[in-house]
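# Architecture at a glance
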6 protein chains.
Amino acid sequence: MPIIRIELLPGRTVEQKREVAEVFTAEICRIARCTPEDVNVVFTDIDKSDWAFAGKLMSDS
Amino acid sequence: MPIIRIELLPGRTVEQKREVAEVFTAEICRIARCTPEDVNVVFTDIDKSDWAFAGKLMSDS
Amino acid sequence: MPIIRIELLPGRTVEQKREVAEVFTAEICRIARCTPEDVNVVFTDIDKSDWAFAGKLMSDS
Amino acid sequence: MPIIRIELLPGRTVEQKREVAEVFTAEICRIARCTPEDVNVVFTDIDKSDWAFAGKLMSDS
Amino acid sequence: MPIIRIELLPGRTVEQKREVAEVFTAEICRIARCTPEDVNVVFTDIDKSDWAFAGKLMSDS
Amino acid sequence: MPIIRIELLPGRTVEQKREVAEVFTAEICRIARCTPEDVNVVFTDIDKSDWAFAGKLMSDS
């Protein structure tokens, strides 16, 4: 019953998310032996002004 | 000190969220013996293009 | 397709979690109009030494 | 490799988030002995109509 | 800078998690154009008595 | 009403977590203008075999 969450910067298209969801679902089913109906994938876009790396907001880099 | 998070598709009204928050808080206090002042409930709407089930974005189904 | 997560201090029994899962699932389906097969509930126990309120670990209060 | 997530009500400025990210990164590196390049900080604004405390939406208080 | 989280039932081996981490990192870099050094993957095992589907703890099914 | 979550590798002592909780609570109250009674801090230890960076489990590095 895997739940997969992906946080990423904005700018990915629906096409890219669609492919990530397809591939991740297929791969986790293959590797961890589950069925696609067990898998949820949730994307969350995080703005550059809401994400800091090494102490700096990405919007400042 | 329960923290309850609820991820759901958009489209629920404030009235529905208000009732969910009331009922969930009352019920967890009754069942798990806590006081309402210990309970936080956080809702997150997830767009259909950000949620995939069985490998397919919900916006594609 | 709600996903409900509940973080709480340890000490709740399986019976209590079972009842919370039943009641929360029934209530969210009633209020937000979904079917039980759409609902996941995930519990996470948080140790008192891993939870701070007002700046103090609960294991210190 | 700490990942720090901060959920808060809207209304904090970029300046405030910038300072929180700087201070939290510096302090966790000092206390837990890591390097800034190991630290991610992610902010999530939660609307008052999506956050309930003591069973009441904050937008109703 | 994607952060990928995977919640699953216990019982997956380190070998399976290793392969999931490798494949997910490679695929998200390919599809979303990032570099492996940008990707964190975090697994969380959820006990069957902490996960309910359709209102029932998985340990009861 | 900030909720702060911190995921880190195991090995930090209770003393280190206590200090992180104190400092983070004080600093966010100072910067974001809230009161300590509004702040929850939750720590989650992530095993090295459950955390991958750049496609590799940390237990393999």
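Residues numbered from 1 in each chain as written. Chains lettered and ligands numbered in written order. Predicted model: local features only at pLDDT ≥ 70, side-chain atom pairs only at ≥ 80, totals over all residues. Heavy atoms only, no water.

## Here's the deal with the relation of the copies chain A and chain E
Once turned by 180 degrees and shifted 0.0 Å along the axis, chain A lies on chain E with an RMSD of 0.0 Å. Viewed as a symmetry operation, the transformation between the two copies matches a two-fold axis. Scanning chain A for the C-alpha nearest the rotation axis identifies R5 of chain A, at a separation of 2.5 Å. An overlap of 100% is found between the interface residues of chain A and their copies at the interface of chain E, pointing to a shared contact surface. (Least-squares fit on C-alpha atoms with pLDDT ≥ 70 in both. Contact = heavy atoms within 4.5 Å.)

## Some words on the sheet that holds strand β4 (residues 56-57) of chain A
Backbone-to-backbone hydrogen bonds join strands into a sheet, with any given pair of strands oriented parallel or antiparallel. Spatially, β4(A)-β3(A)-β2(D)-β1(D)-β1(F)-β2(F)-β3(C)-β4(C) is the arrangement adopted by the eight strands of the open sheet, whose pairing is mixed. Each of the sheet's edge strands pairs with one partner strand only, and the pair in question is β4 of chain A together with β4 (56-57) of chain C. Bridge count for strand β3 (residues 51-53) of chain A against β4 of chain A is two bridges, and the pairing is antiparallel. Among the inter-strand pairings, F53 of chain A is bridged to a residue of β4 of chain A, identified as K56 of chain A. (Pairing = 2+ DSSP bridges. Helix = DSSP H or I, 4+ residues; strand = E, 2+ residues; numbered from the N terminus.)

## Topic: unusual backbone geometry
If you check the backbone angles, A54 of chain A has positive phi at about 55 degrees while not being a glycine. Checked against the element boundaries, A54 of chain A lands in the loop between β3 and β4. For A54 of chain A, a relative accessible area of 24% puts it in the partly exposed group. Located in the positive-phi region is R33 of chain D, a residue other than glycine, with phi close to 55 degrees. Inspection of the secondary structure assignment puts R33 of chain D in the loop between α1 (14-32) and β2 (40-45). (Buried < 20%, exposed > 50% of the residue type's maximum accessible area, 1.4 Å probe, protein only.)

## Regarding the relation of the copies chain F and chain D
If you rotate chain F by 180 degrees and push it 0.0 Å along the axis, it lands on chain D with an RMSD of 0.0 Å. Residue by residue, 95% of the interface of chain F is reproduced at the interface of chain D, so both copies engage with the same surface.

## Quick word on the side chain of D50 of chain E
Mapping D50 of chain E onto the fold places it in the loop between β2 (40-45) and β3 (51-53). For D50 of chain E, a relative accessible area of 12% corresponds to the buried category. At a separation of 2.6 Å, a polar atom in the side chain of D50 of chain E contacts the side chain of K17 of chain C. Setting aside chain neighbours within four positions, we find D50 of chain E in contact with K17, V41, V42 and F43 of chain C. (Polar contact = N/O pair within 3.5 Å; in protein donor to acceptor, adjacent residues only side chain to side chain.)

## Here we look at the interface of chain A and chain E
Much of the literature gives interface size as the accessible area that the parts lose upon coming together. If you look at the interface, chain A gives 21 residues, while chain E gives 21 residues. By the criterion of area lost to chain E, the three top residues of chain A are M1, F24 and I31 of chain A, representing 27% of everything that side buries. One can count four salt bridges joining chain A with chain E. Between E7 of chain E and R5 of chain A there is a salt bridge, with its nearest N and O atoms 3.7 Å apart. Elements with a contribution of two residues or more to the side of chain A that touches chain E: β1 (3-8) and α1 (14-32) of chain A. Considering each element in turn, the side of chain A that touches chain E owes the most residues, 10 residues, to α1 of chain A. Note: β1 of chain A against strand β1 (residues 3-8) of chain E, five bridges, orientation antiparallel. When the bridges of β1 of chain E are listed, I3 of chain A appears paired with E7 of chain E. (Buried area = accessible area lost by both parts, 1.4 Å probe. Salt bridge = Lys/Arg side-chain N within 4 Å of Asp/Glu carboxyl O.)

## Let's talk about the packing of helix α1 (residues 14-32) of chain B against helix α1 (residues 14-32) of chain C
Orientation of α1 of chain B relative to α1 of chain C, taken along the N-to-C sense of each, is 165 degrees, at an axis distance of 10 Å. Considering the angle they form, α1 of chain B stands roughly antiparallel to α1 of chain C. In the packing of α1 of chain B onto α1 of chain C, the handedness of the crossing is right-handed. Together, Q16, E19, V20, V23, F24, E27, I28, R30, I31 and A32 of chain B of α1 of chain B and Q16, E19, V20, V23, F24, E27, I28, R30, I31 and A32 of chain C of α1 of chain C make up the contact between the two elements. (Axes fitted to C-alpha atoms, helices over the stretch in contact; angles between N-to-C directions. Parallel < 35°, antiparallel > 145°, perpendicular 65-115°, else oblique. Left-handed = near helix turned anticlockwise from the far one by under 90°.)

## Side note on α1 of chain A
Residues and elements named next belong to chain A. End to end, α1 covers 26 Å across 19 residues, agreeing with the expected 27 Å (1.5 Å per residue, within 8%). Every buried residue of α1 is listed here: Q16, K17, V20, A21, V23, F24, T25, E27, I28, C29, I31 and A32. Within two residues after α1, R33 carries a phi angle of roughly 55 degrees, on the positive side. (Expected span 1.5 Å × (residues − 1).)

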